[in-house]
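Structural overview for review
Single-letter residue listing:
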Amino acid sequence: MLFLGKKSDQGFDNLQGSALNNPLVWDGDRYQPSNRVSEMLTESSPGKRTCSSLQCTSTWIAPWRNRKRPIFEDQWGCSGRCVLNFVRAAVRRESADHTAETVAPHRHRVPLGLLMLSQEWITHSQLQYALDLQRTTGGRIGEILISECGIASEYITRALSLQWSCPVLSSRGFSAREMALVAPRTFVDKLGLVPVRVAGSKLLYLGFEDRLDASAALALELMSGLKVESGLMQAEEFRSIRTLLTENEGVELKEESWEETDAMAGRITAILEQKQPIASKLVRVQGNYWLRLWLEPAARGKFAMLPSSGEDMLDYLFTIER
Ligand SMILES: [Zn+2]
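Residues numbered from 1 in each chain as written. Predicted model: local features only at pLDDT ≥ 70, side-chain atom pairs only at ≥ 80, totals over all residues. Heavy atoms only, no water.

**Topic: the nonpolar core**
This is how the line gets drawn: As used here, the term nonpolar core means buried Ala, Val, Leu, Ile, Met, Phe, Trp, Tyr and Cys residues forming a set that is joined through side-chain atoms within 4.5 Å. Partly exposed describes any residue whose relative accessible area lies between the buried limit of under 20% and the exposed limit of over 50%, with all areas from a 1.4 Å probe on protein chains only and scaled to the type maximum. Only DSSP runs of H or I with at least four residues qualify as helices, and only runs of E with at least two residues qualify as strands; both kinds are numbered from the N terminus onward. Residues are treated as being in contact if the distance between any of their heavy atoms lies within 4.5 Å.
With 68 residues, the main nonpolar core has M116, L145, V194, L220, L245, W290 and W294 as its most contacted residues. For this core, the element with the most residues is helix α9 (residues 214–224), which contributes seven residues. If we ignore the near neighbours within four places in the chain, the residues touching M116 are W121, I122, L145, I151, Y155, I156 and A159. Ranked by size, the runner-up nonpolar core spans 21 residues in total, among them L84, V91, Y289 and I320.

This is the structure:
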C-alpha cells in the first residue's frame, strides 16, 4: 500500500496557530493579513452607527433609516448614495488585478516524467515509451503512464503534489451538506475545485484534481474568513466528492450579466438596500464578481463566515459583458 506524500494533510487538524487566525483584509491598497478575526457580524449598538462613506457630507440621518442594516464589508451608509460610494470602491478594488501581487505564480521546475523517474516510481524504458507515445498521439504524460504503462494513479497524484509543493488531500471528514455552502456550485463545475473540510476551525482544505488555482483559493479565503490550504486529490476521490457536492443544496444563487462595472455597482447597491443584509462581501473570481449576503445573524455557521445552512443566505454572480 502506497503512502501518499510526506506532505500529507494529517496533523493539521489540531492546529491552533495564531498565523491561521488572520484573515486577509483590504487596507485600501492591497490584501493584508489582519490581526482581527472577522467582525463582520458583530452588531454595534444602534444610534452610534456613523456613515462609512468617505464622501458623506450629510449631517442628518433619515429617522426611518435602519441603523443596523444593510452592512457591506463592515460598512453602513446613511443613504443609498453613500452605500453606492463604498460599493463602487469595492468594485474598483476587485477590478484591479491583485492576484499577481498576492499570489506568486507557480512554475514547475522538473517535468512530471523526470520527477517520477528520479523517485524511481517509473523506469527509464517506461518513460521513454510514454514520451514516444505522447509525441505521436498527444495527451498528458500522467494519463499515458496510467493507461499504457500500468502506473497506479496514486503515483501520478503524488508526483503532481511534489511539483506543486502541496499536500495530497483525502476525502476524510468531508461533509457534503456543509461544504456545499462554501461556494456556488458553478465554481465546482467551472473552476475544478472542491471544498473538502474545515480543520481546527480555522483552515479550509480545498481540493483540486490536477492543478491548483491560487486566485480561486484566494477568493474563497477572502469570502470564508478561513485560511485556505490547497491540495491535490486522486481523480476518483475528487470526482466522487464533486458528485456529492452537486447533489446538495447550497446557497441560492442568482446570476446576472451587466455591460459595465459601474452599472453593476448600482445594481449591488439596490440589492443591499432591498435585502438589508447584516453582512455582505464582494470578491472577484476569474472575471466574475461574487456577492454574498448574510441576511440574518443565524446564517453564520461555526466557522468564521461559513454559512450554517442555505437559509438566510444569498449569492449573486455577476458577469461583465465585454
Ligand atoms: Zn453618508
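**As for the environment of L160**
Within the secondary structure, L160 is located in helix α6 (residues 153–164). Residue L160 is classed as buried on the basis of its relative accessible area of 12%. When the C-alpha positions of L160 and P111 are compared, they lie 9.7 Å apart, and in sequence the two are 49 residues distant. Filtering out sequence-adjacent residues up to four positions away, L160 remains in contact with L112, D210 and L232.

**As for the environment of N288**
In plain terms, the rule: Between N or O atoms, a polar contact is any pair within 3.5 Å; within protein, one atom must be a potential hydrogen donor and the other a potential acceptor, and residues adjacent in sequence are included only when both atoms are from side chains.
On the secondary structure map, N288 appears in strand β8 (residues 288–294). Sequence spacing of N288 and I320 is 32 residues, and the spatial spacing of their C-alpha atoms is 7.2 Å. If we skip the residues at most four places from it in the chain, N288 touches V283, L317, F318 and T319. In this structure the side chain of N288 is engaged in a polar contact, spanning 3.3 Å, whose partner is the side chain of T319.

**Some remarks on the pattern of salt bridges**
To be explicit about the condition: The working definition used for a salt bridge is a side-chain nitrogen of Lys or Arg within 4 Å of a carboxyl oxygen of Asp or Glu.
Scanning all chains against the criterion turns up 13 salt bridges. A salt bridge links D262 to R88, with the nearest nitrogen and oxygen atoms 3.1 Å apart. Here R88 lies in helix α1 (residues 80–95) and D262 lies in helix α11 (residues 261–275), a separation of 174 residues in the sequence. D262 gets classed as partly exposed once you look at its relative accessible area, which sits at 41%.

**Some details on the coordination of the zinc ion**
Cut-off, in case you're wondering: Nitrogen, oxygen and sulfur within 2.8 Å of a metal are treated as its donors, or within 3.2 Å for sodium, potassium and calcium (Na, K, Ca); water is not counted, so a site can appear incomplete. Labels for metal geometry use angle windows, namely 85 to 135 degrees for all angles of a four-donor tetrahedral site, and for square planar (four donors) or octahedral (six donors) sites opposite donors over 155 degrees apart plus all others within 65 to 115; sites meeting none of these are irregular.
Looking at the zinc ion, one finds its protein donor set to be C51 (SG), C56 (SG), C78 (SG) and C82 (SG), positioned 2.2 to 2.4 Å from the metal centre. The site at the zinc ion holds four donor atoms, and with the angles between them running 104 to 117°, its shape is tetrahedral. On the basis of relative accessible area, C78 is assigned to the buried category, the value being 8%.

**Concerning the packing of α1 against α11**
Defined as follows: Axis angles are defined between N-to-C directions and span 0 to 180 degrees, where every axis is a line fitted to C-alpha atoms and, for a helix, only to the segment in contact. Should an angle lie under 35 degrees it is considered roughly parallel, over 145 roughly antiparallel, and from 65 to 115 roughly perpendicular; all remaining angles are considered oblique. Left-handed is the label given to a crossing in which the near helix is rotated counterclockwise from the far helix by less than a right angle, and right-handed is the label when the rotation is clockwise. In this classification, the charged set is Asp, Glu, Lys and Arg, the nonpolar set is Ala, Val, Leu, Ile, Met, Phe, Trp, Tyr, Cys and Pro, and all remaining amino acids, among them Gly, are polar.
Contact geometry of α1 with α11 gives a least axis separation of 9 Å together with a crossing angle of 130°. Of the possible angle classes, the one that applies to α1 and α11 is oblique. In terms of crossing hand, the pair formed by α1 and α11 is right-handed. Contacts between α1 and α11 pair G80, V83, L84, V87, R88, V91 and S95 from the former with T261, D262, M264, A265, G266, I268, T269, L272 and E273 from the latter. Across the contact of α1 with α11, the residue classes tally to eight nonpolar, five polar and three charged.

**Comments concerning empty space enclosed by the protein**
Just so we agree on the cut-off: Using a 1 Å grid laid over the protein atoms alone, points where a 1.4 Å probe fits but cannot get out form a cavity; open sets with protein on both sides within 12 Å along at least 5 of 7 lines form a pocket; any residue with an atom within 4 Å of a point counts as lining. Grid points are joined across faces, edges and corners, and a volume is the space filled by probe spheres set on the points.
Going through the model one piece at a time under the given rule, you end up with one cavity of 30 Å³ or more. By volume, the largest cavity is sized at about 30 Å³. Lining the largest cavity are V182, L204, L220, M223, S224, W290, R292, M305 and L306. Only α9 and β8 provide two or more residues apiece to the lining of the largest cavity. Broken down by element, the residue count for the lining of the largest cavity peaks at three residues, all from α9. Residues belonging to the lining of the largest cavity are distributed by class as follows: seven nonpolar, one polar and one charged.

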